[in-house]
Amino acid sequence: MKIGIVLNDWLQAKSPEGIRSESEALEFVDEFLVLVLPELLKDGHSHIQEIDKQKEETKRKIRLRWQQGIDALEMLIAVCLEGGQAFREEFLTVEKYKTDVLLGMLMRIHARACRVSNEIIVLLENGYADGALCRWRTLHELALAALAMVKIGPPAAIDYFISGKVKALEGIETYSTHAGTMGYEPFPENETNSLRAEVEALLLQYNRTRGIYSGEYGWLRPHIGSAKREKVEEYLELDHWQLDYKWASQDVHSGFREMRALLAMAEANKDFLLVGPSDAGIADPCHRTAISLTWITHAFLTVHIQNEDYPFDAYERLFWVELIRKLLDSVRAAFRAEEAGTSVY
């Protein structure tokens, strides 16, 4: 039984004329928690089972309709991960590249991109296309970082690293300012001082200031003259993706948005307040995830490949890159087939 129905019935029986004062409202709350809620919780398991059945039904519909595309994306993610791990194991055997800052930053971006892609899979399989599109937004940002870093080279990777340290220190300083109010334990002073000393040393070494790293892409300000994402996209000749990014951002921020504008409402024949999963809108975030992860993996696997002293098997790198490109094509084909009601297998 739904708690809302029980609560309304109980209140109606308790006070047919409605709650008449603040003290009475507080009294009713205490009584409800002591006398009614425990009984509801005893019966709660059956209610949860009913919710789970509804979730499984949505997942079943998604599997029937979109499984080819989701399977193709999962295969792409798995191969991107395998290719990245194989390259990581190889370059860590070469002393010169163990401390290569560009490789190190791209490795971390690639690992994070694989994790975000797997989060997107979970959201897609459970019917949350708009949540998946929001996570793709993060993947797009990671792709911009990786591509800009490769285009500029090690100096950008160094600034990316310093920026991360600066923002970590800013986070600790904000935490320390408000920890007492929030009832949190204070951050260890020795750790704060250690990070502050590290940041100051890096700023001095590379002739930087903390302020230069302000903004969304502050670490790119010394290289492209701006910290705005739009300028980064223009620099990479990817400004045609700004529309998709803004579309994905709508469900991240708190601004007004019509329910019918949601991906999950794309096939609804009437407007209503969607609060749960849907089997609609899966293709768009899936396809965009495949594209962005492919870009990031390509950037990581091919970094330094043009160097004359490149110590790795370039043909093996190209094998992985071409395989991933073909798998990206398979994701596209799978969704085209599903929209046409056919199979790619």
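Attention in this report is confined to the structure presented alongside it. (Residues numbered from 1 in each chain as written. Predicted model: local features only at pLDDT ≥ 70, side-chain atom pairs only at ≥ 80, totals over all residues. Heavy atoms only, no water.)

## Comments concerning unusual backbone geometry
Among all residues except glycine, the phi angle is most often negative; among peptide bonds, the trans geometry is most common. Even without being glycine, Asn207 reaches a positive phi, approximately 55 degrees. Here Asn207 is to be found in the loop between helix H8 (189–205) and helix H9 (221–224). Backbone geometry places His304, a non-glycine residue, at a positive phi of 70 degrees. By secondary structure assignment, the location of His304 is in the loop between helix H12 (283–302) and helix H13 (314–340). (Helix = DSSP H or I, 4+ residues; strand = E, 2+ residues; numbered from the N terminus.)

## Observations regarding the packing of aromatic side chains
To describe a pair of aromatic rings, one takes the distance between the centres and the angle between the planes. Counted by the stated rule, this structure contains 13 aromatic pairs. Residues Tyr310 and Phe312 carry aromatic rings whose centres are separated by 5.3 Å and whose planes lie at 85 degrees to one another, so their mutual orientation is edge-to-face. Classification of Phe312 by relative accessible area gives buried; the value is 9%. Ring centres 5.8 Å apart and planes at 75 degrees place the aromatic pair Phe319 and Trp320 in the edge-to-face group. Taken together, Phe87, Phe91, Tyr97, Phe300, Tyr310 and Phe312 form an aromatic cluster joined through their ring pairs. The residue whose ring lies beneath Lys151 is Tyr235, and the NZ or CZ to ring-centre distance is 4.1 Å. (Phe/Tyr/Trp six-rings, centres within 6.5 Å; stacked < 30°, edge-to-face > 60°. Buried < 20%, exposed > 50% of the residue type's maximum accessible area, 1.4 Å probe, protein only. Lys NZ or Arg CZ within 6 Å of the ring centre and 35° of its normal.)

## A few points about the pattern of salt bridges
Where charged atoms of side chains with opposite charge meet at close range, the side chains can pair. In total, this model carries 23 salt bridges according to the counting rule given. One salt bridge in this structure joins Arg20 and Glu24, with 3.1 Å as the shortest N-O distance. A residue is classified by how much of its surface remains accessible, and Glu24, at 14% relative accessible area, is buried. Three or more residues joined by partner-sharing salt bridges are found here, namely Glu322, Arg325, Asp329 and Arg332. (Salt bridge = Lys/Arg side-chain N within 4 Å of Asp/Glu carboxyl O.)

## With respect to the environment of Ala168
For Ala168, the location among the structural elements is in helix H7 (residues 154–182). Ala168 sits in the partly exposed class, given a relative accessible area of 36%. Each C-alpha atom of the pair Ala168 and Cys80 lies 29 Å from the other, and the pair is 88 residues apart in sequence.

## Quick notes on the side chain of Thr138
Here Thr138 lies in helix H6 (residues 129–152). Since its relative accessible area comes to 13%, Thr138 is described here as buried. Looking at Thr138, its side chain comes within polar contact range of the side chain of Arg135, at 3.0 Å. Among residues more than four places away in sequence, those in contact with Thr138 are Arg112 and Val116. (Polar contact = N/O pair within 3.5 Å; in protein donor to acceptor, adjacent residues only side chain to side chain. Contact = heavy atoms within 4.5 Å.)

## Some thoughts on the layout of surface pockets
Size it by volume and the largest pocket reaches roughly 320 Å³. Taken together, 13 residues form the lining of the largest pocket, with Arg112, Tyr160, Glu216, Tyr217 and Trp219 sitting closest to its centre. Counting residues per element, the ones that place at least two in the lining of the largest pocket are H6 and H7. Tallied by class, the residues present in the lining of the largest pocket amount to five nonpolar, four polar and four charged. (1 Å grid on protein atoms, 1.4 Å probe; cavity = no way out; pocket = protein on both sides within 12 Å on 5 of 7 lines; lining within 4 Å. Points joined across faces, edges and corners; volume = space filled by probe spheres on them. Nonpolar A, V, L, I, M, F, W, Y, C, P; charged D, E, K, R; others polar.)

## With respect to the state of the cysteines
Enumeration according to the criterion identifies zero disulfides in this entry. The thiol sulfur of Cys134 is not disulfide-bonded, and the nearest other cysteine sulfur, from Cys286, lies at 16 Å. Cysteine Cys286 is unpaired, with the sulfur of Cys80 as its nearest cysteine sulfur at 13 Å. (Disulfide = S-S within 2.5 Å.)

## Focus on the packing of helix H5 (residues 101–125) against H7
In contact at an axis separation of 8 Å, H5 and H7 are set at 60 degrees when each is read in the N-to-C sense. Relative to H7, H5 is oriented oblique. Along this stretch, H5 crosses H7, giving a crossing that reads as left-handed. Across the interface between the two elements, Val101, Leu102, Met105 and Ile109 from H5 touch Pro154, Ala157, Ile158, Tyr160 and Phe161 from H7. By residue class, the composition of the contact of H5 with H7 is nine nonpolar, no polar and no charged. (Axes fitted to C-alpha atoms, helices over the stretch in contact; angles between N-to-C directions. Parallel < 35°, antiparallel > 145°, perpendicular 65-115°, else oblique. Left-handed = near helix turned anticlockwise from the far one by under 90°.)

## Re the packing of H6 against helix H11 (residues 242–249)
Axis separation between H6 and H11 bottoms out at 8 Å; the angle between their running directions is 135 degrees. When the interaxial angle is binned, H6 and H11 end up oblique. Classified by chirality, the crossing of H11 by H6 is left-handed. Between H6 and H11, the contacting residues are Leu133, Cys134, Trp136, Arg137, His140 and Glu141 on the first element and Asp244, Tyr245, Trp247, Ala248 and Ser249 on the second. Across the contact of H6 with H11, the residue classes tally to six nonpolar, two polar and three charged.

## Quick notes on the environment of Ile282
Tracing the chain through its elements places Ile282 in the loop between H11 and H12. Sequence separation between Ile282 and Cys80 is 202 residues; the distance between their C-alpha atoms is 21 Å. Discounting residues that sit within four places of it in the chain, Ile282 has contacts with Trp66, Ile70, Leu124, Ala129 and Phe335.

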